[in-house]
Amino acid sequence: MAEILSLIDVKKHYEVRKGILGSQELRALDGVSLSIGRRETVAVVGESGCGKSTLGKVSLRLIEPSGGRILFKGEDITRLPEKELRHRSFRRKMQTVFQDPYSSINPFMRIGEVLAEPLEIHGFPKSEIRPKILTALEDVKLFPPEEFEERYPHELSGGQRQRVNIARALILDPEYIVADEPVSMIDASSRAEILLLLKSIRDSREMGILYITHDIATARYVSERIAVMYLGEIAETGATMEVLRKPIHPYTTLLLNSVPEPDPAGRRKRRAVIKGEPPSPLNPPSGCKFHTRCPLAVERCRTEKPLLLEYFPGHLAACHRAEEIISGSVSLTSDAS
Amino acid sequence: MSRPAILRVEDLKVHYSTPKGHVRAVDGVSFTLNRGESLAVVGESGSGKTTLGLTLMRALPRNAEIVSGRVMLDDKDILSMGLEDFRRAYSWRIISMVFQGAMNSLNPVLKVGDQVAEPLIFKGGLPRDEARKVAEEFIELVGMPRAFYDRYPHELSGGMKQRIVVAMALVMRPQILILDEPTSALDVTIQAQIINLVKDLIDNLGLSVIFITHDVALASDVADRMAVMYGGEIVELGVLEHVLGGAPKHPYTEKLLASLPRLRGDNVPEFIPGRPPDLSSPPPGCRFHPRCPYVFDKCRVEAPPLFESNGSHLVKCWLRGEEHG
């Protein structure tokens, strides 16, 4: 599979002021490598503050990385000046769908105007604009398009607005899209519709999608591969179904355990959950960053940082106890605390 | 279930006056909450579930009007009594609520412990030092160290703030606790911790709980019974096994369940075409009929009643009526 976008050892560090004198380093991304192929959706999951949104923004060059490289179709765009990003259409080819369908669309603009804006900015001739708008509305299944282009955002439901957001991202014919929590504010009954739409668009347009979410169940339906992040690092990555069925990293296993299912059988039982909350990224734990919450942590985990190693083809995990977990000599299924 | 009823809601109608006209947010809702049980009220945005909770706490906004109905608690209608009487004798003491987004409305310049202790002093008349003691007990009860009494909201994480808000709702030892989306802004891992806490509270304090949420999966984790709301009405009510299991159900419930992405199993989520009704002019007949795959003529003109099957399983659908002849 030809890679659309590759991130190689990407870092994003922030200086955080502490009082008047000192400052501290916050490592939002601490060496992340990930690639997204054509017709592929890669999901990035993790708790808030794990760096997943920063990763998406860095990949679009909306945030400048502090280290590492960003390749778009093999070409290094890490240090390309903004002017060149625009002139050589990188900006046009990389788009984003935002989380909040309510605040991300100007309420005073008709849908047609919302969709015309990116085309005007990118200098499309007037005669091409309207036909493109109508096609884009059809692509996201807002029928009849002639009627929807005249409407104002407040006349649309959350799901319909999110389709406008997707249409706006698609109208420039991008090859790479970052969708950051695109369904978290959508009601359950329309959520599946948006997910299916993202899937069909990706296939028909041969795009690569980076799907950022806290909701692993939705990641399962849209993504071929998944990366689980913890405190700015990838804890585990691999084919989505394989990672969900046979997780290696204890964090992945516990994260999966936290997800409730609509099933009366689990009712009223206490669920095994991850103890505590993610530590502050300003002062991350030594060794494996997950060791403070990991029921399997041993001395080595406290001192030595585990490497992200490949245990099965394409299935990587950063855990000192991975071999034991895979062989079944240790497991997490025991105590529910 | 042979538990005695603690709260009875009878034909409740709550409408909002808006520039668009009357919005029938809650439109003829009846149910019973039994002692020691947890009842989940699930529905999508605009289904009326939050309005229902606010009504039970007499905390409706000014433009809301209780058009009809009663809420019976201890054989008294808490809707018809004077607001002052309700506040003095019922709110927080007997019926209490964790409001949606409450963790973000903690006073940033007061210690969280003082905020937990506040009702004990102003409603319970306890001296400060005693109130502090009780508040500390409740802070411990919700799974935090007593010393956190002296912290300020900004020193706490989202999960801890949510625990504080739960402690505030419990500190007057109510019998009924309403939780409105108590975990929707939290990560799944923290959400699971809060849900475990709620389960413990139900078991240890013998609380009767109304759990309002849009998240069916989450509801199924805590609830004994489930009420499904759609367009201001309860369209289905029954024990969890019936509502989520194979029992004949309301087409909306069926489609809602089919729309949920699941971590396990092989179903592919479907979606419900169309959108929820505009409650300022709801469709005639059954409110779900414009989106219902099984719609027939009767549904378009006449609203179905709640049909009963399997003992106590209520379904507001003509299809279920047909089954009974």
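Residues numbered from 1 in each chain as written. Chains lettered and ligands numbered in written order. Predicted model: local features only at pLDDT ≥ 70, side-chain atom pairs only at ≥ 80, totals over all residues.

Caption draft 1: Structural view of the overall build of chain B. If you tally the helices and strands in chain B, you get eleven helices and twelve strands. In terms of principal-axis extent, the alpha carbons of chain B reach across some 65 × 50 × 45 Å. A sequence separation of at least 24 residues applies to 63% of the contacts in chain B between residues at least 6 apart. (Helix = DSSP H or I, 4+ residues; strand = E, 2+ residues; numbered from the N terminus. Contact = placed C-beta atoms within 7 Å.)

Caption draft 2: Spotlight on the domain arrangement of chain B. Residues and elements named next belong to chain B. Considered domain by domain, chain B is made up of domain 1 (5–94 + 174–323) and domain 2 (101–173). Between the C-alpha centres of domain 1 and domain 2 the distance comes to 29 Å. Counting residues at the interface gives eleven residues for domain 1 and 13 residues for domain 2. Tallying contributions element by element places helix 6 (residues 188–205) first for the side of domain 1 that touches domain 2, with four residues. For the side of domain 1 that touches domain 2, the per-class residue count stands at nine nonpolar, one polar and one charged. (Domains from an automatic or database assignment. Nonpolar A, V, L, I, M, F, W, Y, C, P; charged D, E, K, R; others polar.)

Caption draft 3: Expanded view of the nonpolar core. Counting 185 residues, the largest nonpolar core has Val116, Ala167 and Val228 of chain B as its most contacted members. Residues contacting Val228 of chain B, with those up to four places away along its chain left out, are Val42, Gly43, Ile234, Val235, Glu236, Val243, His250, Tyr252 and Thr253 of chain B. (Core = buried A, V, L, I, M, F, W, Y, C linked by C-beta atoms within 7 Å. Buried ≥ 20, exposed ≤ 12 C-beta atoms within 10 Å, placed from the backbone.)

Caption draft 4: Examining the environment of Gly74 of chain A more closely. All names here are of chain A. Assignment of secondary structure puts Gly74 in the loop between strand 4 (67–72) and strand 5 (75–76). A count of 10 C-beta atoms within 10 Å places Gly74 in the exposed class. Remark: the alpha-carbon pair of Gly74 and His13, spanning 61 residues in sequence, is separated by 25 Å.

Caption draft 5: Just the pairing of strand 10 (residues 233–239) of chain A, in detail. Residue and element names in this part refer to chain A. Across the seven residues that make up strand 10, a large majority, six, are buried. Where strand 9 (residues 225–230) lies against strand 10, six bridges are found, and the strand directions are antiparallel. Within strand 10, the position partnered with Arg225 by the bridge is Ala239. Where strand 9 folds back onto strand 10 in an antiparallel hairpin, the turn is made up of two residues, including Leu231, whose phi is positive at roughly 45°. Examined bridge by bridge, strand 10 and strand 12 (residues 315–317) share two bridges and lie antiparallel to one another. (Pairing = 2+ DSSP bridges.)

Caption draft 6: Focus on the packing of helix 3 (residues 112–122) of chain B against helix 4 (residues 128–141) of chain B. All names here are of chain B. With their axes 8 Å apart at the nearest point, helix 3 and helix 4 run at an angle of 120° to one another. It follows that helix 3 is oblique to helix 4 by the angle criterion. For the pair helix 3 and helix 4, the sense of crossing is right-handed. Where helix 3 abuts helix 4, its residues Gly113, Val116, Ala117, Leu120 and Ile121 lie against Arg128, Ala131, Arg132, Val134, Ala135, Glu136, Phe138 and Ile139. Residue classes in the contact of helix 3 with helix 4 are distributed as nine nonpolar, one polar and three charged. (Axes fitted to C-alpha atoms, helices over the stretch in contact; angles between N-to-C directions. Parallel < 35°, antiparallel > 145°, perpendicular 65-115°, else oblique. Left-handed = near helix turned anticlockwise from the far one by under 90°.)

Caption draft 7: Just the interface of chain B and chain A, in detail. Each partner contributes residues to the interface: chain B has 37 residues there, and chain A has 35 residues. Counting residues per element, the ones that place at least two in the side of chain B that touches chain A are helix 6, helix 7 (216–222), helix 8 (240–244) and helix 9 (251–258) of chain B.

Caption draft 8: Main features of the sheet that holds strand 5 of chain A. All names here are of chain A. Ordered by their spatial adjacency, four strands build an open sheet running 2-1-4-5, and the pairing between neighbours is antiparallel. Looking at the sheet topology across the chains shown, the edges are occupied by strand 2 (22–37) and strand 5. Pairing geometry for strand 4 and strand 5, over two bridges, is antiparallel. Across the sheet, residue Leu71 finds its bridge partner in strand 5, namely Asp76.

Caption draft 9: Quick peek at helix 5 (residues 126–139) of chain A. Residue and element names in this part refer to chain A. Over its 14 residues, helix 5 runs 21 Å from end to end, which matches the ideal 20 Å to within 8%, given 1.5 Å per residue. Taken residue by residue, helix 5 has Ile133, Ala136 and Leu137 as its buried positions. The buried residues of helix 5 occupy an angular sector of 95° when the element is viewed end-on, so they sit on one face. More than 90 degrees from the buried face of helix 5, the exposed residues found are Ser127, Glu128 and Pro131. Of the residues flanking the end of helix 5, it is Lys141, one or two places downstream, whose phi is positive at about 60°. (Expected span 1.5 Å × (residues − 1). Arc of directions from axis to C-beta.)

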